[in-house]
Amino acid sequence: MRTRIRALVALATLAACGAGGPPPAREFDAKQALEYVNTQVAFGPRVPGMPGHAAMARWLDSMVRTRADSVTLQKWWHKTASGDSIAMTNVFAQFNVKATQRVLYLAHWDTRPRADNDPDEKNKHMPIPGADDGGSGVAVLLGVADALKKLPPDVGVDLLFVDGEDYGMFLPAKVDVLIGATYYAGHPLVAGRPIFAVLWDMVGHANARFTIESNSQIAASDVADRVWNTASALGYGNIFTPVGTGAVTDDHVPLIEAGFRAIDVIDINNYAQFWHTLQDTPDKESLQSFEAVGNTAVAVIRRALK
Ligand SMILES: [Zn+2]
């Protein structure tokens, strides 16, 4: 994704959360999420066309098939701006398939082919390890799948692992990026729209602080309220702070453009020094951040119909 500096959006203070009642359960295994990051990075770069991409696709498929009620692989060829055709796969895992009211969570599983932001010139054309940028979002979705396998949800849940988020260039215009999310927006696998959609991207690093990205705020402020209020009820109000921040061009944008009520949970500000560098490695990931994000992600599902 890329960021655009904007004037901070002044947001109304979020309503105090959880009018009575016990706090939501903490069902997410953050230690396991860290292992999921390690496993992904060990495949090598998950760049379309590279061996790590193929190995990751097989692993992801096997992981969701042993957890979800239904799995669909959405495969197509993407024609790049330079005329190449690259094989793309979105992995779509469903829980409570028959439910008509559904929640969509997504994360990108590919990683960036070039470390554009690396301070060392000779690294700029090398693929990034993608521990946080790619690995963390997938780890959250797989941890959610573990929790939903243990205790099936009352709402329908769709976990969408999108390919090709980070393949091309974001500037000066979007070229060969957000490929999987754009494809899904045009070829959704469920009739009708989910109640809401949440993208989880760059969510596992140490000292992560989540502010409300402005495309999300504009498109679906009530969805942001759900997530931030749930985090607060779980005791993570220090990590999820309900203030506005600049716009990020990420996989939620094509969904919003297609009429989904979608938001992006992302912290790029506190990861800027490692983002799109060869230093995006598992040692930057944090148990505390995964606990906050993962438990929030599961609890938002548990509360979706309430
Ligand atoms: Zn990226």
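It should be noted that the structure appears before, not after, this text.
A few points on the structure. What you see is a predicted model, and the numbers here were worked out from it, not measured in a lab.

1. Digging into the coordination of the zinc ion
- Protein coordination at the zinc ion: the donors are D133 (OD), D166 (OD) and H276 (NE2), at 1.9 to 2.1 Å from the metal.
- The sequence pattern describing where the donors of the zinc ion fall on their chain is D-x32-D-x109-H. Of the two residues, D133 sits in helix α3 (residues 131–150) while D166 sits in the loop between β5 (156–162) and α4 (179–186), which places them 33 residues apart along the sequence. Both residues of the pair, D133 and D166, count as buried.

2. Re the packing of α3 against helix α7 (residues 287–302)
- Contact geometry for α3 and α7: axes closest at 10 Å, N-to-C directions at 50 degrees. Classed by the angle they form, the pair α3 and α7 counts as oblique. Here α3 runs over α7; the crossing is right-handed. Every residue of α7 that contacts α3 at S136, A139, V140, V144, A147 and L148 is listed here: F290, V293, A297, V298, I301 and R302.
- Of the residues belonging to the contact of α3 with α7, the class tally is ten nonpolar, one polar and one charged.

3. As for the pattern of salt bridges
- Inspection of every chain in the model, using the stated rule, returns nine salt bridges.
- Between D146 and R67 there is a salt bridge; the shortest N-O distance is 2.5 Å. Linking D146 in helix α3 with R67 in the loop between α2 (51–65) and β2 (70–79), this pair joins segments that are 79 residues apart in sequence.
- By relative accessible area, R67 is classed as buried at 18%.
- Across the pair K122 and D120 runs a salt bridge whose closest N-O atoms are separated by 2.7 Å.

Here is what the cut-offs are and how they apply
- Residues numbered from 1 in each chain as written.
- Predicted model: local features only at pLDDT ≥ 70, side-chain atom pairs only at ≥ 80, totals over all residues.
- Heavy atoms only, no water.
- Donors = N, O, S within 2.8 Å, 3.2 Å for Na, K, Ca; no water.
- Helix = DSSP H or I, 4+ residues; strand = E, 2+ residues; numbered from the N terminus.
- Buried < 20%, exposed > 50% of the residue type's maximum accessible area, 1.4 Å probe, protein only.
- Axes fitted to C-alpha atoms, helices over the stretch in contact; angles between N-to-C directions.
- Parallel < 35°, antiparallel > 145°, perpendicular 65-115°, else oblique.
- Left-handed = near helix turned anticlockwise from the far one by under 90°.
- Contact = heavy atoms within 4.5 Å.
- Nonpolar A, V, L, I, M, F, W, Y, C, P; charged D, E, K, R; others polar.
- Salt bridge = Lys/Arg side-chain N within 4 Å of Asp/Glu carboxyl O.

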